[in-house]
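# Coordinate analysis (summary)
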Amino acid sequence: MGWTLEGDGTDRMEGLSDGVFAIVLTLLVLQFEVPDVDAAALPGALADQETLLISYLLSFVVVGLYWIIHHNLFQNLVAHNRVLLWLNLLFLLSISFLPYPTEVLGSYGTAFAWMLYAGNLALVGILLTLTWAYAARSGFTSDDITDDIATLITIRGLLGPFVFVLSIGVATVSVSVAFFVPLLIAPLQFLWVRHYNRVTNDSSATQSVDQSQ
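Below is a summary of the structure that appears in this document. Please read all numbers here as calculations on a predicted model, not as lab measurements. (Residues numbered from 1 in each chain as written. Predicted model: local features only at pLDDT ≥ 70, side-chain atom pairs only at ≥ 80, totals over all residues. Heavy atoms only, no water.)

### Structural notes on the overall build of the protein
Let me state the cut-off plainly: In this text, helices come from DSSP runs of H or I with a minimum length of four residues, and strands from runs of E with a minimum of two, each type numbered from the N-terminal end. For each residue, the accessible area found with a 1.4 Å probe, counting protein chains only, is set against the maximum for its type, and the residue is called buried under 20%, exposed over 50%, and partly exposed in between. Residue contacts are counted whenever heavy atoms from the two residues lie within 4.5 Å of one another. Where accessible areas are quoted, they stem from the Shrake-Rupley method and a 1.4 Å probe; at the residue level, only the protein chains shown are allowed to cover.
What the protein contains, in helices and strands, is nine helices and two strands. Beginning at the N terminus, the succession of helices and strands in the protein can be written as β-α-α-α-β-α-α-α-α-α-α. Viewed in the frame of its principal axes, the protein has a C-alpha envelope of about 80 × 40 × 30 Å. Taken across its 213 residues, the protein has 39% of its residues classed as buried. Restricting the contact set of the protein to residue pairs at least 6 apart, pairs at least 24 apart contribute 78%. Element-wise, carbon and sulfur atoms account for 65% of the exposed surface of the protein, whose accessible area totals about 12300 Å².

As structure tokens, then:
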């Protein structure tokens, strides 16, 4: 059995990935502890957990988005080999580590804590994009994924890591502002979708003309 042994389908990879995502989403909430204070001091104690709550919500949304992205990408894969299996495992490793920097950020809220947190999220995006790029280059995608579409999807995968790396620089100036930098992902994704739709529509129109000639 060689290193490049290939197989059809990705069901087992998706099953393992779904399990890891479910565990990570559960672990994120376990960082919360009910404050051991008098009832009168409870509101203040809960207010002290504000940063922890924000980091939890941000992580939950980001992990949820990566689960959706992972699901969509693997819907377009029809085969695999051992290299792809290992790349997916590395991606899951980066995801499974996320509860730790989330709790560190929520507990300390310092620039270093944000760097650790944002660096983890950037690595998550890079590894998932690397997994997709390798699968596309190896011919494991369905027939409707052209080289141009595969490249566009790869570019999209790098938007998140770019924003989180940018946020690390912002955190050296202001941690509070760094928390808002991930919001840039939304307009960047919007611009990408517009470009993707334009490219795919132009491609469909070209194919229709070629078929009519």
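Now that the structure has been shown, the text picks up again.
### Notes on the packing of helix H4 (residues 82-96) against helix H6 (residues 111-137)
Under the convention used in this document: Interaxial angle, 0 to 180 degrees, is taken between N-to-C directions of lines fitted to C-alpha atoms, where a helix line uses only the stretch in contact. Roughly parallel covers angles under 35 degrees, roughly antiparallel covers those over 145, roughly perpendicular covers 65 to 115, and oblique covers all other angles. Here a crossing is taken to be left-handed if its near helix is turned anticlockwise relative to the far helix by less than a right angle, and right-handed if that turn runs clockwise. For this classification, Asp, Glu, Lys and Arg are treated as charged, while Ala, Val, Leu, Ile, Met, Phe, Trp, Tyr, Cys and Pro are nonpolar and the rest, including Gly, are polar.
Direction vectors running N to C along H4 and H6 enclose 165 degrees, while the axes themselves pass 8 Å from each other. Classified by the angle between their axes, H4 and H6 sit roughly antiparallel to one another. Pair H4 / H6 crosses with left-handed handedness. Packed against H4, whose contacting residues are Val-83, Leu-84, Leu-87, Asn-88, Leu-90, Phe-91, Ser-94 and Ile-95, the element H6 presents Asn-120, Leu-123, Val-124, Leu-127, Leu-128, Leu-130, Thr-131, Tyr-134 and Ala-135 at the interface. Within the contact of H4 with H6, the residues separate by chemical class into 13 nonpolar, four polar and no charged.

### Considerations on the side chain of His-70
Structurally, the position occupied by His-70 is in helix H3 (residues 50-75). Residues contacting His-70, with those up to four places away along its chain left out, are Ser-17, Phe-21, Asn-88, Phe-91 and Leu-128.

### Quick look at the packing of aromatic side chains
Selection criterion: Pairing of aromatic side chains here covers Phe, Tyr and the six-membered ring of Trp, requires ring centres within 6.5 Å, and sorts the geometry by plane angle: under 30 degrees stacked, over 60 edge-to-face, intermediate tilted.
Scanning the model with the defined rule gives eight aromatic pairs in all. Note on Tyr-56 and Phe-60: the rings are 6.0 Å apart at their centroids and 50 degrees apart in plane angle, and the pair reads as tilted. Of this pair, Tyr-56 and Phe-60 both sit in helix H3, four residues apart, which is roughly one turn of the helix. Residue Tyr-56 is classed as buried on the basis of its relative accessible area, which comes to 15%. Judged by its relative accessible area of 37%, Phe-60 is partly exposed. Considering the side-chain rings of Trp-192 and Tyr-196, the 4.9 Å spacing of their centres and the 15 degrees angle between planes classify their relative orientation as stacked. Of this pair, Trp-192 and Tyr-196 both sit in helix H9 (residues 185-212), four residues apart, roughly one helical turn. An aromatic cluster of at least three residues, connected via ring pairs, comprises Phe-32, Tyr-56 and Phe-60.

Functional significance is not addressed by these values, which are geometric in nature.
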